[in-house]
Protein chains: 2
Amino acid sequence: MRLALAQANFTVGDLTGNSEKILRLARKADALGADLAVFPELAVAGYPPLDLVTTAGFPEACEAQVRRLAQRSAALRTAIVLGFCGVSAEPGKASNCVACVHSGQIVHRQAKALLPTYDVFDEARYFESGSTPAVWNFGGARIGLTICEDAWNDKQFWERTRYSRDPVEELASQGADLLLNISASPFHAGRRQFRLRMFRALAARHAIRAAFVNQVGGNDQLIFDGSSFAVDGTGRLGATAASFDEDLVCWDVTGGARMDSPWPGRADSDGELAAVYEALVLGTRDYVTKCGFRDVFVGMSGGIDSALTAVIASDALGPRHVTGVAMPGPYSSDGSLVDARHTAEALGIGFKTIEITPVYDRFLKQLAPSFAGMPPNTAEENLQARLRGSVLMALANKFGGLVLTTGNKSELAVGYCTIYGDMCGGLAVISDVPKTMAYKLAGVGNRRHPGAIPESVLTKPPSAELRPDQKDSDSLPRYEVLDPILQAYVEESLPVAEIAERVGQPAELVREIARMVDRNEYKRQQAAPGLRVTSKAFGMGRRYPIAQRYVR
Amino acid sequence: MRLALAQANFTVGDLTGNSEKILRLARKADALGADLAVFPELAVAGYPPLDLVTTAGFPEACEAQVRRLAQRSAALRTAIVLGFCGVSAEPGKASNCVACVHSGQIVHRQAKALLPTYDVFDEARYFESGSTPAVWNFGGARIGLTICEDAWNDKQFWERTRYSRDPVEELASQGADLLLNISASPFHAGRRQFRLRMFRALAARHAIRAAFVNQVGGNDQLIFDGSSFAVDGTGRLGATAASFDEDLVCWDVTGGARMDSPWPGRADSDGELAAVYEALVLGTRDYVTKCGFRDVFVGMSGGIDSALTAVIASDALGPRHVTGVAMPGPYSSDGSLVDARHTAEALGIGFKTIEITPVYDRFLKQLAPSFAGMPPNTAEENLQARLRGSVLMALANKFGGLVLTTGNKSELAVGYCTIYGDMCGGLAVISDVPKTMAYKLAGVGNRRHPGAIPESVLTKPPSAELRPDQKDSDSLPRYEVLDPILQAYVEESLPVAEIAERVGQPAELVREIARMVDRNEYKRQQAAPGLRVTSKAFGMGRRYPIAQRYVR
């Protein structure tokens, strides 16, 4: 039996376009002699469809597309396995379904049993839970179908399991000899290796061949890396699909196993850094184009974050669709402008310089009667950032395009950023990238575009340049100290005492950082959507109240 | 038996403060001779605690507070019934619990069985589901305890039920003769009457006395109205607590019923309008003060929305904590400034005038080389709004305070607002108020502050005054046409064809409005948190993707 792993990039809610793509790839699989073309979870709807699922008529429209696909693929020898949002009998709910389509008919159908409802997932909000799945007999194989989370509850693999049921075990006990898992499993650093390890363990435990077929592409905050694969009954790799790109890979189920691993199997931090870079490129490209734009504007301060954002944007959209904008103010250094221009020229992107100082001076004059007798504070600093935001938005409004924000995760965590200022923009490209990781990603960018981010940018002390001689380190610990604290607090949600011990810093410092994180939740709730590349990003997967007083 | 319905205002995460308040009210109930003091759902944690629930140590800290409360209340004759976030054995989950505390012991404990996971509720994300509740024998009564949603699944009351189980039925079949429901049930227009109707039906069906005890107060987007009550076994009212304020009301369970209904039982739209007004006052006060602020700034354009926001803010915080700021620009009419000043003077709030025209002119000069040859468009209009936003934020940053945004729901729905401009602010006071309702609420405000919103504001055609002779009706249908379409689309999620038929407008117009709503999701995801007063507000209860192409 030959399987085609059909790893496609879908757009949320584009039911017709997604279905056309499925049909096109099914025909290609047919031409390649595949018995079965396997598509990801919620292929027809795209993932995550969020409240579209419970919008009147949405599941019905998805069901209609599946029936239409069945008719239009009736002449193919290849059967189609695909995920879609189905109608449910439960009030207010839909069904996260897999359908097997052959000879014009839906020959098998099944609902997802385990509904992830944590982090970025809200499936209990949308879907009914499926009952025990039945094996699907097709082409001499006894196929066990699972949808994403259904395969993530093995009692031997996990230290603690979330659910009492294990659909894989249920299927194995029915004599399934081929396990298919259709997924919409988002990327974060290290995720590809983890999935492979888990499926290898599953395959070996049940002595069953298994294929994992994942979505690829960016949808708002989530980036799907694809990275589909198949393993034989001992857990050896039989087929692998690309990461961060569409792919259609054939796997002869009973054929010999291949031993090549496409992703570093050992802990290769540079390999995973490159993956994060690729993820950000894909996430940026898809957000911009799926929103209907082609051009972006990036404020370039001469610092590492905006340089990195410009490099990623240029790779995502092509340099002629990116305009860097330098906006010198009263405290900008000459070096910053030189560095910003250098990166823009090295990339071949557009570059503009628009000074904000004359506007800033005029603005202060308007405020002078109100501010009389008050010492300068963040009001003046934030004003500079807000005027820059207004310049970028004016360009975007005039020429048509999106503004990309350039803030990193460390700044966003502690609120070292100006709401309605440098936080202006449609997409926060590196808002899940800690500052220390931004330096490493700059290295990845520089290997692709040698010298694009000059040495001076990599070595000068970070500064917002909003008052004379300002340095980030005036207000914050060094990023080498800050980032491990933030990772423990934000990503792992550890208590203060435990963090202090782990990082070897005073509990008082850790508590102060924790307070800054909590106090700045209001800024993050008005932040642009950011691309998720770690296990816990600010945004849809992390939901804290603003007006709250819990002290950890 | 005497019950005290202890309707208190808690702050999310303030475990110590909330517990102190519970103890204080329990002592008061004891002094009033109550056998039982009944507190709302998640009283110790506040509602909604969101991801605090799954933060390391949070349920343990709540449990510790309950044990401490038991010790400290050991000498009271009054037993305490209260909701708290308990520890669960399920990985990654907590337990939404009720505890009965008496003589220093936790004498009964039970977990919520039905976990709402729709609209603003995400309880399946946080909590394990409780098993069949057991009757609690206390003081000669057989008490059936339920937590909020547990009582919202009666098969005879609802046309369609969400859950297969009905905890009220389970308790009634065990011979319960007193039903207690502890709740965190948020307000929206009409909700109070609905709850009373539902509990009356429950009481009559099971011939059981029942008390409903609700949280009161604002927590971020949600406003809890309190409005606790008790009914006898025929559904007649026995006790009622205040709406929108703390209260401690005693109910003699076997005493005679009172027939007075505190909320209009008939469809009294003005009564419910006054409730919406009260809700906005409470929500504004609590958001500002629970965030640690006292003062607010409101941009006053001379239009209805900003006048209404100023009136609400003045009632919420006191006039000396509110500063109205008029920011005339090149297209502002003289009348607008006069009207803004009139409202400020009538309310006795602070008032400032800061012209933006000189800054705007200087800004355009900076942009002129980039904009050469391009006709004016939204870039120039939005720039005016963004400069105004920057003025307000500068004042808030300089003097310490929150900016309140003044946009209404109709504008936010169709994107008739400027992101980083008039959308700047910490709280969106009337962002769930449709424009047509804003006029009616202005009437409520004017009855409290006669003449505060002058006739000219109520009668002039709405205009953003961002270009010469601009009117809202240049870009949008009249609000009398727009609002019913938006209600059907946003609140009821109806298909386009059905809306067109209901409102008697062409389907093409409805579809264009629907497209505007969908296209502007990106603005709403960066909007300030808004106070929810309808059954479906933008914000936490409505989650749509930005980059999507579904056409309803």
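Since the model is a prediction, treat every value here as computed from it, not as a measurement.

### As for the overall build of chain A
Broken down by element type, chain A carries 18 helices and 19 strands. Over its C-alpha trace chain A gives a radius of gyration of 25 Å, about what one expects of a compact globule, namely 24 Å for 552 residues. By its C-alpha atoms, chain A is 85 × 50 × 50 Å across when sized along the principal axes. In chain A, 72% of the contacts between residues at least 6 apart in sequence involve partners at least 24 apart.

### Digging into the environment of Ile453(A)
Residues and elements named next belong to chain A. Looking at the secondary structure, you find Ile453 in the loop between α12 (435–448) and α13 (455–459). For the pair formed by Ile453 and His342, sequence separation is 111 residues and the distance between their alpha carbons is 7.8 Å. Ignoring sequence-local partners within four residues, the contact set of Ile453 consists of Ala307, Leu308, Val311, Thr343, Ala442, Gly445, Asn446 and Leu458.

### Some thoughts on the interface of chain B and chain A
The partner chain A presents 73 residues to the 73 residues of chain B that form the contact. When residues of the side of chain B that touches chain A are traced back to their parent elements, those giving at least two are α3 (123–126), α6 (269–290), α9 (357–371) and α10 (378–399) of chain B. The element contributing the most residues to the side of chain B that touches chain A is α10(B), with 13 residues. Of the residues contributing to the side of chain B that touches chain A, the split by class is 37 nonpolar, 20 polar and 16 charged.

### Things to note about the domain arrangement of chain A
All names here are of chain A. Taken domain by domain, chain A consists of domain 1 (2–256) and domain 2 (273–473 + 520–524). One C-alpha centre belongs to domain 1, the other to domain 2, and the line joining them spans 39 Å. Taken together, the contacts link 10 residues of domain 1 with 9 residues of domain 2. For the side of domain 1 that touches domain 2, the secondary structure elements donating two or more residues are β10 (216–219) and β11 (222–225).

### Re the relation of the copies chain B and chain A
For the pair chain B and chain A, the superposition axis carries a translation of 0.0 Å, the fit reaches an RMSD of 0.0 Å, and the rotation angle comes to 180 degrees. The relationship between the two copies is best expressed as a two-fold rotation axis. For chain B, the residue whose C-alpha comes nearest the rotation axis is Gln526(B), separated from it by 2.1 Å. Mapped onto chain A, 100% of the interface residues of chain B again fall at the interface, so both copies present the same surface.

### Here's the deal with the sheet that holds strand β18 (residues 402–405) of chain A
All names here are of chain A. Read across the sheet, 5 strands follow the order β17-β16-β15-β18-β19 without closing on themselves; strand pairing throughout is parallel. Single-partner strands in this sheet number two, and they are β17 (350–353) and β19 (427–428). Summarising the sheet, strand β15 (residues 296–299) and β18 pair through 3 bridges and their orientation is parallel. Paired with Phe297 across the bridge in β18 is Val403. Where helix α10 (residues 378–399) meets the sheet, its contacts fall on β15, β16 (322–326) and β18, and the angle it forms with β15 comes to roughly 165 degrees.

### Details of the sheet that holds strand β2 (residues 36–38) of chain A
Residues and elements named next belong to chain A. Read from one edge to the other, the open sheet built from 6 strands follows the order β5-β4-β3-β2-β1-β14, with strand pairing classed as mixed. Looking along the sheet, the strands with just one partner apiece sit at the ends: β5 (105–111) and β14 (247–252). Each neighbouring strand pair of the sheet contributes to a mean axis angle of 30 degrees, computed without reference to strand direction. Note that strand β4 (residues 94–102) and β5 share 6 bridges and pair antiparallel. By the bridge assignment for β5, His102 is matched with Gln105.

### Observations regarding the confidence of the model for chain A
Of all residues in chain A, 97% attain a pLDDT of 70 or more, and the chain-wide mean is 96. The complex model carries a pTM of 0.97, and its ipTM stands at 0.96.

### Focus: the pairing of β11(A)
Residues and elements named next belong to chain A. Burial along β11 is two-sided: Leu222 and Phe224 and Ile223 and Asp225, pointing in opposite directions, are all buried. One ladder, built from 4 bridges, connects β10 with β11; its direction is antiparallel. When the sheet's bridge partners are listed, Val216 is paired in β11 with Asp225. Joining the antiparallel neighbours β10 and β11 is a turn of 2 residues, in which Asp220 adopts a positive phi near 55 degrees.

### Examining the nonpolar core
Membership of the largest hydrophobic core comes to 363 residues, with the highest contact counts inside it found for Leu5(A), Val38(A), Phe39(A), Leu5(B), Val38(B) and Phe39(B). With residues near it in sequence (within four places) discarded, Phe39(B) still touches Ala6(B), Ala8(B), Ile22(B), Ile80(B), Val81(B), Leu82(B), Gly83(B), Ile182(B) and Val213(B).

### Remarks on the packing of helix α1 (residues 15–31) of chain A against helix α2 (residues 58–72) of chain A
All names here are of chain A. Interaxial distance between α1 and α2 falls to 10 Å at its minimum, and their mutual angle equals 25 degrees. The angle between α1 and α2 falls in the class roughly parallel. As for how α1 packs across α2, the hand of that crossing is right-handed. Facing α1, whose interface residues are Leu15, Ser19, Ile22 and Leu23, α2 presents Ala61, Cys62, Gln65, Arg68, Leu69 and Arg72. Among the residues making up the contact of α1 with α2, the classes are represented as 6 nonpolar, 2 polar and 2 charged.

### Observations regarding helix α7 (residues 304–317) of chain A
All names here are of chain A. Over its 14 residues, α7 runs 20 Å from end to end, which matches the ideal 20 Å to within 8%, given 1.5 Å per residue. Of all 14 residues in α7, 14 are buried, a share of seventy percent or more. Positive phi appears at Gly318, one or two residues downstream of α7, with a value of about 90 degrees.

### Considerations on the packing of helix α15 (residues 479–491) of chain A against helix α16 (residues 496–503) of chain A
The description of two packed helices rests on the angle between their axes and on the distance between the axes. Residues and elements named next belong to chain A. Where α15 meets α16, the axes come as close as 10 Å, and the angle between the chain directions of the two elements is 145 degrees. Handedness of the α15/α16 crossing: right-handed. Residues Pro484, Ile485, Ala488 and Tyr489 of α15 touch α16, and the partners they reach there are Ile499, Arg502 and Val503. A breakdown of the residues in the contact of α15 with α16 according to their chemical character gives 6 nonpolar, no polar and 1 charged.

### Some points on the pairing of strand β17 (residues 350–353) of chain B
All names here are of chain B. Two strands pair when backbone bridges link them, and strand β16 (residues 322–326) and β17 are joined in this way by 4 bridges, in the parallel orientation. Directly across from Gly324, in β17, lies its bridge partner Phe351. In this fold, the crossover linking β16 to β17 by way of helix α8 (residues 334–347) has right-handed handedness.

### A look at helix α15 (residues 479–491) of chain B
Three or more residues of α15(B) are buried, namely Tyr479(B), Leu482(B), Asp483(B), Ile485(B), Leu486(B), Gln487(B), Ala488(B), Tyr489(B) and Val490(B). Just downstream of α15(B) lies Ser493(B), where phi reads positive at about 55 degrees.

### Re unusual backbone geometry
Residue Pro48(A) is bonded to the preceding Tyr47(A) through a cis peptide linkage, with omega at 0 degrees. Within the secondary structure layout, Pro48(A) lies in the loop between β2 and α2. We note that Tyr420(B) has phi near 65 degrees; this positive angle belongs to a residue other than glycine. Within the secondary structure, Tyr420(B) sits in the loop between α11 (409–414) and β19 (427–428).

### Some points on the environment of Asp122(A)
Residue placement: Asp122(A) occurs in the loop between β5 and α3 (123–126). In sequence terms Asp122(A) and Gly421(A) are 299 residues apart; their C-alpha atoms lie 32 Å from each other.

### Here's the deal with the environment of Met437(A)
Residues and elements named next belong to chain A. Along the polypeptide, Met437 turns up in helix α12. For Met437, a count of 23 C-beta atoms within 10 Å translates into the label buried. Expressed as a C-alpha distance, the spacing of Met437 and Asn408, which sit 29 residues apart in the sequence, is 9.3 Å.

Analysis parameters
Residues numbered from 1 in each chain as written. Chains lettered and ligands numbered in written order. Predicted model: local features only at pLDDT ≥ 70, side-chain atom pairs only at ≥ 80, totals over all residues. Helix = DSSP H or I, 4+ residues; strand = E, 2+ residues; numbered from the N terminus. Rg over C-alpha atoms; globule rule 2.2 N^0.38 Å. Contact = placed C-beta atoms within 7 Å. Nonpolar A, V, L, I, M, F, W, Y, C, P; charged D, E, K, R; others polar. Domains from an automatic or database assignment. Least-squares fit on C-alpha atoms with pLDDT ≥ 70 in both. Pairing = 2+ DSSP bridges. Axes fitted to C-alpha atoms, helices over the stretch in contact; angles between N-to-C directions. pLDDT = per-residue confidence, 0-100. Buried ≥ 20, exposed ≤ 12 C-beta atoms within 10 Å, placed from the backbone. Core = buried A, V, L, I, M, F, W, Y, C linked by C-beta atoms within 7 Å. Parallel < 35°, antiparallel > 145°, perpendicular 65-115°, else oblique. Left-handed = near helix turned anticlockwise from the far one by under 90°. Expected span 1.5 Å × (residues − 1). Right-handed = clockwise from strand over helix to strand, strands pointing away.

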